[in-house]
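Chain by chain, the residues:
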Amino acid sequence: MIEAGEYIRTKKGFIGKIDDIIDNYIMSNNDIDHTYGENKPYCHISEIIKSSKNIIDLIQMR
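Since the structure is predicted, the reported quantities are computational estimates derived from the model, not experimental observations. (Residues numbered from 1 in each chain as written. Predicted model: local features only at pLDDT ≥ 70, side-chain atom pairs only at ≥ 80, totals over all residues. Heavy atoms only, no water.)

**Structural notes on the overall build of the protein chain**
Item 1. What the protein chain contains, in helices and strands, is zero helices and six strands.
Item 2. Ordered by position from the N terminus, the helices and strands of the protein chain form the series β-β-β-β-β-β.
Item 3. Looking at the protein chain residue by residue over its 62 residues, the buried ones come to 29%.
Item 4. Restricting the contact set of the protein chain to residue pairs at least 6 apart, pairs at least 24 apart contribute 31%. (Helix = DSSP H or I, 4+ residues; strand = E, 2+ residues; numbered from the N terminus. Buried < 20%, exposed > 50% of the residue type's maximum accessible area, 1.4 Å probe, protein only. Contact = heavy atoms within 4.5 Å.)

**Details of the pairing of strand β3 (residues 25-28)**
Item 1. As judged from the four bridges shared by strand β2 (residues 15-22) and β3, these two strands associate in the antiparallel manner. Residue pairing in the sheet places Asp 20 in a bridge with Met 27 of β3.
Item 2. Counted along the chain from β2 to the antiparallel partner β3, the turn is two residues long, and its residue Asp 23 has a positive phi close to 50°. (Pairing = 2+ DSSP bridges.)

**A few points about the confidence of the model for the protein chain**
Item 1. Mean pLDDT over the protein chain works out to 80, with 77% of the residues at or above the 70 mark.
Item 2. Predicted confidence in the protein chain is weakest over strand β4 (residues 34-36), with a mean pLDDT of 52, and strongest over strand β6 (residues 48-52), with 92. (pLDDT = per-residue confidence, 0-100.)

**Observations concerning a nonpolar patch on the surface**
Item 1. On the surface, a nonpolar cluster with roughly 270 Å² of combined accessible area is contributed by Ile 55, Ile 56 and Ile 59.
Item 2. When you line up the elements, Ile 59 lands in the segment after β6. (Patch = residues over 30% accessible without salt bridge, like charges linked within 9 Å, V, L, I, M, F, W, Y side chains within 5 Å. Areas by Shrake-Rupley, 256 points an atom, 1.4 Å probe, with all protein chains shown as cover. Salt bridge = Lys/Arg side-chain N within 4 Å of Asp/Glu carboxyl O.)

Laid out in structure tokens, this is it:
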């Protein structure tokens, strides 16, 4: 289960920290995907491919 305060990686490769979850939408202060309301970035929970409390877990080596 994804919770506020965790870090996420989206299908498009954006990494952000979750501020809030509203009706299956992830809200963040990071530029993760789209803009909601007063320019607050958001994405749908279905766009999340990985979440973690530790951002290092989301960084992929190429």
